[in-house]
Amino acid sequence: MDFEQFEDNHIADATVRRFVAELRSFEQTGEVGELAKLFTDDAVLHRLDGRGGVDDPRAFWEQYRAQFGEVRTVFRNAVESTDPPGAGLEWESRGTLADGTRIDYAGSTFLTLADHRICGLRTYYDTAAFIAIPAGQG
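Residues numbered from 1 in each chain as written. Predicted model: local features only at pLDDT ≥ 70, side-chain atom pairs only at ≥ 80, totals over all residues. Heavy atoms only, no water.

Caption draft 1: Structural detail: empty space enclosed by the protein. In this structure the tally under the stated criterion is 1 cavity of 30 Å³ or more. What the largest cavity holds in volume is close to 180 Å³. If you go around the largest cavity, you meet 18 residues; those closest to its centre are Trp61, Tyr64, Trp91, Thr109 and Thr123. Partitioned by chemical class, the residues of the lining of the largest cavity number 11 nonpolar, 5 polar and 2 charged. (1 Å grid on protein atoms, 1.4 Å probe; cavity = no way out; pocket = protein on both sides within 12 Å on 5 of 7 lines; lining within 4 Å. Points joined across faces, edges and corners; volume = space filled by probe spheres on them. Nonpolar A, V, L, I, M, F, W, Y, C, P; charged D, E, K, R; others polar.)

Structure representation (structure tokens):
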């Protein structure tokens, strides 16, 4: 399946679809406001990077975006639940790191939903993609 032409039509939940749309917009524009509004005031966001949970969605996403020069994510699969409400999303991201190095990596994000907002996010991904390997090693 072509990365550039993949559509997210397989996502049924409106909140999850909004998350995908706002993440894409944020990746392209750097404007985090609409993405951050999707999260409840007490939401906790976890990223597999050793920092632990973050309770400020705006800071979480700004830290994420600062790693990249450009980035684009497509969501390959969604497993959704209504009781409890949530979704597991499989994705791939491509772009460049802040220093211009190309990056392609994949992972999964799990959303917990409450009242049409996101109250929890846990994301797991291939951290090795972010490690520079000196020439001649690897």
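On we go from here.
Caption draft 2: Quick peek at the pattern of salt bridges. Going through the model one piece at a time under the given rule, you end up with 4 salt bridges. Glutamate 34 is the salt-bridge partner of lysine 37, the closest N and O atoms lying 3.0 Å from each other. Here lysine 37 and its partner glutamate 34 are both found in helix α2 (residues 33-37), 3 residues apart, which amounts to about one turn of the helix. Among the residues examined, lysine 37 registers a relative accessible area of 53% and is labelled exposed. Among the salt bridges present, the one from aspartate 104 reaches arginine 94, with a minimum N-O distance of 3.9 Å. Here the residue aspartate 104 occupies a position in strand β5 (residues 102-114), and arginine 94 occupies one in strand β4 (residues 85-97), the gap between them amounting to 10 residues. One continuous salt-bridge network, built from bridges that share partners, spans Arg94, Arg102 and Asp104. (Salt bridge = Lys/Arg side-chain N within 4 Å of Asp/Glu carboxyl O. Helix = DSSP H or I, 4+ residues; strand = E, 2+ residues; numbered from the N terminus. Buried < 20%, exposed > 50% of the residue type's maximum accessible area, 1.4 Å probe, protein only.)

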